[in-house]
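Survey of secondary and tertiary structure
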Amino acid sequence: MRALVVCALIAACAPAFAEGDYAPDSTAWNGLSELFEVAREAGCEMRAADTLDWSSLDGREVLWFVYPRTSIDADKLARFIAAGGRAVIADDFGAASLALDALGLHRSSSRPEVAPEARFQENPNLPIAHPRLATELGRATPTLIANHPASFATAIPATFEFGPGEALVVEGRLGEGSFVAIADPSVLINNMLKTDPDRAFARALVAHTCRPGRDRILLFSRAFVARGEPPAFAGAPPDATSPFARFNDGMRGLDGWLASSSGRAPLWAFACFFALAALAVLLDAFPPRAALDDRWTRLDRRDSEGDRGEWSGVPWDYALPAALLREELLARLAEALEPSGAARASEAPPAKLDFDWTGPRALDRLIADRFGARAGRTAAELWRLLHRIRWRTADGEVLPDERVSRRHLERMHALAVSLFETIRNPHPPSEV
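Residues numbered from 1 in each chain as written. Predicted model: local features only at pLDDT ≥ 70, side-chain atom pairs only at ≥ 80, totals over all residues. Heavy atoms only, no water.

We now examine the state of the cysteines. Taken as a whole, this structure holds one disulfide when the rule is applied. Note that C44 is cross-linked by a disulfide to C210, the S-S spacing being 2.3 Å. Between C44 and C210 the sulfur-sulfur dihedral comes to about -115°; the bridge is accordingly left-handed. Here C44, found in the loop between α2 (33–41) and β1 (45–48), pairs with C210, found in the loop between α5 (196–209) and β12 (216–222); they are 166 residues apart in sequence, far enough to count as distant. Residues C44 and C210 agree in their burial class; the two are buried. (Disulfide = S-S within 2.5 Å. Helix = DSSP H or I, 4+ residues; strand = E, 2+ residues; numbered from the N terminus. Buried < 20%, exposed > 50% of the residue type's maximum accessible area, 1.4 Å probe, protein only.)

Positive phi, normally seen in glycine, also occurs at H148, with a value near 50°. Mapping H148 onto the fold places it in the loop between β7 (144–145) and β8 (152–154). In this structure, R222 takes a positive phi of about 60° despite not being glycine. Tracing the backbone shows R222 in strand β12.

Strand direction decides the pairing type here: strand β6 (residues 128–131) and β7, joined by two bridges, are antiparallel. For I128, the partnering residue across the bridge sits in β7 and is I145. Pairing analysis gives two bridges linking β6 to strand β9 (residues 158–163), with the strands arranged antiparallel. Considered in β9, the bridge of H130 is made with E161. (Pairing = 2+ DSSP bridges.)

Of all the positions in helix α3 (residues 74–82), only K76, L77, A78, F80 and I81 are classed as buried. Considering only its buried residues, α3 is in contact with β3 (61–68), β4 (86–90), α4 (97–102), β10 (166–174) and β11 (177–182). Among the residues of α3, the N-terminal cap falls to D73, whose side-chain oxygen and the backbone nitrogen of D75 are separated by 3.1 Å. (Contact = heavy atoms within 4.5 Å. Polar contact = N/O pair within 3.5 Å; in protein donor to acceptor, adjacent residues only side chain to side chain.)

A word on the packing of helix α11 (residues 373–387) against helix α12 (residues 406–424). Interhelical geometry of α11 versus α12 gives an angle of 150° and a closest axis separation of 9 Å. It follows from the interaxial angle that α11 and α12 lie roughly antiparallel. Pair α11 / α12 crosses with left-handed handedness. Residues A375, T378, A379, E381, L382, L385 and L386 of α11 form the contact with α12, whose participating residues are H408, R411, M412, L415, A416, S418, L419 and T422. (Axes fitted to C-alpha atoms, helices over the stretch in contact; angles between N-to-C directions. Parallel < 35°, antiparallel > 145°, perpendicular 65-115°, else oblique. Left-handed = near helix turned anticlockwise from the far one by under 90°.)

So, on to the packing of helix α10 (residues 360–371) against α11. Relative orientation of the contacting elements α10 and α11 amounts to 150°, with a least axis distance of 7 Å. By the angle between their directions, the pair α10 and α11 is classed as roughly antiparallel. Classified by chirality, the crossing of α11 by α10 is right-handed. Side by side, α10 and α11 meet where P360, L363, D364, I367, A368 and F371 of the first sit next to A373, A375, G376, R377, A379, A380, W383 and R384 of the second.

Turning our attention to the environment of Y67. When you line up the elements, Y67 lands in strand β3. Counting along the chain gives 26 residues from Y67 to F93, while the straight-line C-alpha distance between them is 7.6 Å.

The next point concerns the confidence of the model for the protein. When pLDDT is averaged along the protein, the result is 76, and 66% of the positions lie at 70 or above. Confidence over residues 1–17 falls short of pLDDT 50; this stretch has 32 contacts with residues more than four positions distant or in other chains. Note that pLDDT drops below 50 for residues 391–401; the model gives that stretch 21 contacts with residues more than four away or on any other chain. (pLDDT = per-residue confidence, 0-100.)

With that settled, the discussion passes to the pattern of salt bridges. Under the criterion given, the structure shown has 15 salt bridges. The partner of R199 in a salt bridge is E41, with the nearest N and O atoms 3.8 Å apart. Of this pair, R199 sits in helix α5 while E41 sits in helix α2; the two residues are 158 residues apart in sequence, bridging distant segments of the chain. Of the charged contacts in the structure, one is a salt bridge between R79 and E229, with a shortest N-O distance of 2.7 Å. (Salt bridge = Lys/Arg side-chain N within 4 Å of Asp/Glu carboxyl O.)

With that settled, the discussion passes to the packing of aromatic side chains. When we look at a pair of aromatic rings, we describe it by the centre distance and by the angle of the planes. Across all of its chains, the model carries six aromatic pairs by this definition. On the numbers, 4.3 Å between centres and 10° between planes, the contact of Y22 with Y67 is stacked. Here Y22 is found in the loop between α1 (4–13) and α2, whereas its partner Y67 is found in strand β3, with 45 residues between them in sequence. Y67 carries the same exposure label as Y22, and that label is buried. Taken together, a centroid distance of 5.6 Å and an interplanar angle of 25° make the contact between F65 and F220 stacked. Linking F65 in strand β3 with F220 in strand β12, this pair joins segments that are 155 residues apart in sequence. For F220, a relative accessible area of 0% corresponds to the buried category. Pairwise contacts between aromatic rings join F65, F220 and F224 into one cluster. The ring of F420 carries R332 above its face, with NZ or CZ at 4.2 Å from the centroid. (Phe/Tyr/Trp six-rings, centres within 6.5 Å; stacked < 30°, edge-to-face > 60°. Lys NZ or Arg CZ within 6 Å of the ring centre and 35° of its normal.)

Next comes the structure, spelled out in structure tokens:
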């Protein structure tokens with residue numbers, strides 16, 4: 001939290017930036033050297049550029065426009081993103097207005113008005129935005145400090161916003177690609193990155209857009225020159241170490257060998273080689289039975305593809321939505337059973353919520369004490385149904401196997417809806 005007072009004083013006295021500001025190598029309060037340090041810490045190459053050659057982009061480049069003073073071609077940026085590209089646009093002075101309009105964001109002409117408690121050190125020039133989406137960026141920090149910001153009006157849900165209709169950070173998708181728009185580029189300048197919230201956001205932004213050791217961020221600040229046309233495909237290249245990539249490499253090698261053999265090898269040899277190669281890929285792609293663990297039956301969010309992560313371990317019945325229901329139940333009950341203010345003051349221990357409960361009776365008593373007998377009975381019945389579903393525990397114990405039918409899932413869903421409604425409007429604990 002050091003240098004916050006300095007940051008506030010400078011920001012209050014500097015509503016506009018001079019021509020030399022946002023310089024990539026500048027260590028001044030409004031330079032970008034700290035941003036480059038954040039990228040280095042994350043293992044991502046960030047390169048300052050003054051020429052944007054759209055035709056040279058090969059899918060490894062991520063475009064960052066931070067305080068651009070040259071107009072960004074809206075059509076080319078949209079085509080680049082739609083083809084699988086990734087971009088960050090941080091602008092509040094208008095050079096990127098046409099490009100942002102094409103992405104569905106409209107820059108507000110007035111500064112956001114926030115309550116005194118939502119201002120850093122009560123400074124009206126330093127409004128604080130709060131997360132509204134639980135994305136990778138939204139989870140990075142509970143607050144984000146802006147400096148003389150603009151805001152976006154958009155139909156896209158805001159990741160961070162000052163208030164309704166006043167978005168500071170917006171994440172969006174177009175075609176195969178994605179973008180992050182920031183209505184205040186100064187959240188990335190040196191002095192703002194001295195604050196814990198803004199530095200945490202910068203780290204998350206780098207991690208969200210760049211794969212360490214594989215991608216490079218091309219940063220365009222102030223004036224730059226643009227030429228060429230975007231590529232037809234701008235998506236990230238596939239992982240060369242995956243089993244299927246190695247299989248493709250093997251097939252290319254086989255093709256070269258066949259071309260050089262001039263047909264001397266018998267056809268059956270080619271067929272055997274191909275069959276063995278395919279079998280090796282299949283064995284490599286799926287783990288042996290002894291290696292199967294709970295990752296194959298629990299929800300596992302993979303972030304290797306940025307915000308295009310996929311769910312793995314989907315069973316061939318209704319177990320996946322049941323697992324989602326189970327996680328929702330645990331989250332809601334944990335929140336509902338959190339000690340009240342008086343209980344917290346007396347250091348009462350929080351209720352333990354886990355599927356290691358001793359049984360439905362214990363859960364019945366726990367819920368009934370707080371929300372009434374009806375809620376306790378509902379929670380106990382829901383526990384019995386969910387506990388019968390096949391899952392593998394952390395220590396390797398296999399729970400009783402029972403596939404989830406649609407009727408089973410509908411019953412659990414009805415119980416959960418009833419329980420959540422009771423939690424919102426609890427009955428007296430004395431109810432029978």
